[in-house]
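# Structure at a glance
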Amino acid sequence: MDLQYIVREPEHITSKTPLLILLHGYGSNEQDLFSFATTLPEDWLIVSFRAPFNTDYEGYSWYDIDLMNEENRIDVAQAQESQDAILENILKITNQYGLTENQTHLCGFSQGGILSYSLALNNPELFIKVACMSCYAEEKLLTNRVKDKKKIEKLRFFISHGTDDAIIPLEWGRKAADLLYEMGAYFSFREYMSGHGVNQKNYMDLMDFFRK
């Protein structure tokens, strides 16, 4: 499945040019997180994907959700289809730009953050820095997660969550941090006085994470 996306190319691209993949939340689109590009490293190739499924509103989704349905909160088949599409399109972009020695990073918000967890923990050899904002780790998408601590140790996670998040409870975000701790992953977990969004301090800390 080909995903639509927008891209910011650096002035010079080499085989080592870092690639950052942006994954928006439910009901949004590829323009959302792309606004981050102005303050991200200038030598990075930045790609923001549009999720493949339409919502009842104007935006797009990576899969159908029902947060009130504890047993069937997500459409697992759609989520797996989206994950496969993301991996397939990352490979296409990597080949297109000749990125044979580069590092690939992920940044996802809400539903995009949920997929960032599963993409990274199921395929730790593909990614380095992973930012998961206002989200949680969905166990139904982690049935094949890699348990080799040496592979997990090379990942670096930045987790952020609003203390007043009314969409995805803060406690869910904390449980994701606990999971990373149990797996032996390196991460920073930060809480902000905000709702389901990214406030200024969160944004600044995110930029620091990617620039280090």
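Computed from a prediction, not measured in an experiment: that's the story for all the values here. (Residues numbered from 1 in each chain as written. Predicted model: local features only at pLDDT ≥ 70, side-chain atom pairs only at ≥ 80, totals over all residues. Heavy atoms only, no water.)

## Some points on the overall build of the chain
Scanning the chain from N- to C-terminus turns up six helices and nine strands. For 212 residues, the compact-globule formula gives about 17 Å, and the C-alpha radius of gyration of the chain, at 16 Å, lands near that figure. With the C-alpha coordinates aligned to their principal axes, the bounding extent of the chain is approximately 45 × 35 × 35 Å. The 212 residues of the chain split such that 54% are buried. Intrachain contacts of the chain at a sequence separation of at least 6 include 77% that bridge at least 24 residues. (Helix = DSSP H or I, 4+ residues; strand = E, 2+ residues; numbered from the N terminus. Rg over C-alpha atoms; globule rule 2.2 N^0.38 Å. Buried < 20%, exposed > 50% of the residue type's maximum accessible area, 1.4 Å probe, protein only. Contact = heavy atoms within 4.5 Å.)

## Examining the layout of surface pockets
Put simply, the largest pocket is a space of about 380 Å³. Taken together, 14 residues form the lining of the largest pocket, with Tyr 136, Ala 137, Glu 138, Glu 139 and Lys 175 sitting closest to its centre. Of the residues belonging to the lining of the largest pocket, the class tally is six nonpolar, no polar and eight charged. Taken as a whole, the second largest pocket encloses approximately 220 Å³ of empty space. Along the walls of the second largest pocket sit 17 residues, with Tyr 26, Ile 65, Ser 110, Ile 167 and His 196 positioned nearest its centre. (1 Å grid on protein atoms, 1.4 Å probe; cavity = no way out; pocket = protein on both sides within 12 Å on 5 of 7 lines; lining within 4 Å. Points joined across faces, edges and corners; volume = space filled by probe spheres on them. Nonpolar A, V, L, I, M, F, W, Y, C, P; charged D, E, K, R; others polar.)

## Some remarks on the packing of aromatic side chains
All told, the structure shown has seven aromatic pairs when counted by the stated rule. The interplanar angle of 80° and the centroid separation of 5.7 Å between the aromatic rings of Trp 44 and Phe 210 together place this pair among those described as edge-to-face. Pair noted here: Trp 44 is in the loop between helix H1 (31-34) and strand S3 (45-49) and Phe 210 is in helix H6 (residues 200-211), with a separation of 166 residues, a long-range link. Exposure remark for Trp 44: the relative accessible area of 7% places this residue in the buried category. Between the aromatic rings of Tyr 136 and Trp 172, the centroid separation amounts to 5.0 Å while the plane-to-plane angle is 70°, which identifies the pairing as edge-to-face. Of the two residues, Tyr 136 is situated in the loop between strand S7 (129-133) and helix H4 (149-152) and Trp 172 in helix H5 (residues 170-183); the sequence distance between them amounts to 36 residues. Accessibility expressed as a relative area gives 5% for Tyr 136, which makes it buried. An aromatic cluster of at least three residues, connected via ring pairs, comprises Trp 44, Phe 158, Phe 209 and Phe 210. Directly above the aromatic system of Phe 209 lies the positively charged group of Lys 129, at a separation of 5.6 Å from the ring centroid. (Phe/Tyr/Trp six-rings, centres within 6.5 Å; stacked < 30°, edge-to-face > 60°. Lys NZ or Arg CZ within 6 Å of the ring centre and 35° of its normal.)

## Considering the sheet that holds S7
Pairing within the open sheet is mixed, and its seven strands lie in the order S1-S3-S2-S6-S7-S8-S9. The open sheet terminates on both sides in strands that have one partner only, identified here as strand S1 (5-8) and strand S9 (186-192). Neighbour to neighbour, the strand axes of the sheet diverge by 15° on average, direction disregarded. Bridge count for S1 against S3 is four bridges, and the pairing is antiparallel. Paired with Ile 6 across the strands is Ser 48, a residue of S3. Along the sheet, H5 makes contact with strand S8 (156-162) and S9, crossing S9 at roughly 165°. Sheet contacts for H6: strand S2 (19-23), strand S6 (104-109), S7, S8 and S9; angle to S7, the most-contacted strand, approximately 165°. (Pairing = 2+ DSSP bridges. Axes fitted to C-alpha atoms, helices over the stretch in contact; angles between N-to-C directions.)

## What to know about the packing of helix H2 (residues 76-96) against helix H3 (residues 111-122)
Put simply, H2 and H3 touch, their axes get as near as 11 Å, and they point 65° apart. For the element pair H2 and H3, the recorded crossing hand is right-handed. Contacts from Ala 79, Ser 82, Gln 83, Ile 86 and Leu 87 in H2 reach Leu 115, Ser 118, Leu 119 and Asn 122 in H3. Considered class by class, the residues forming the contact of H2 with H3 number five nonpolar, four polar and no charged. (Left-handed = near helix turned anticlockwise from the far one by under 90°.)

## Remarks on H3
Compared with the 16 Å implied by 1.5 Å per residue over twelve residues, the 17 Å span of H3 between its first and last C-alpha is a close match. H3 sits mainly inside the fold: twelve of its twelve residues count as buried. Along H3, the positions that sit buried rather than exposed are Gln 111, Gly 112, Gly 113, Ile 114, Leu 115, Ser 116, Tyr 117, Ser 118, Leu 119, Ala 120, Leu 121 and Asn 122. (Expected span 1.5 Å × (residues − 1).)

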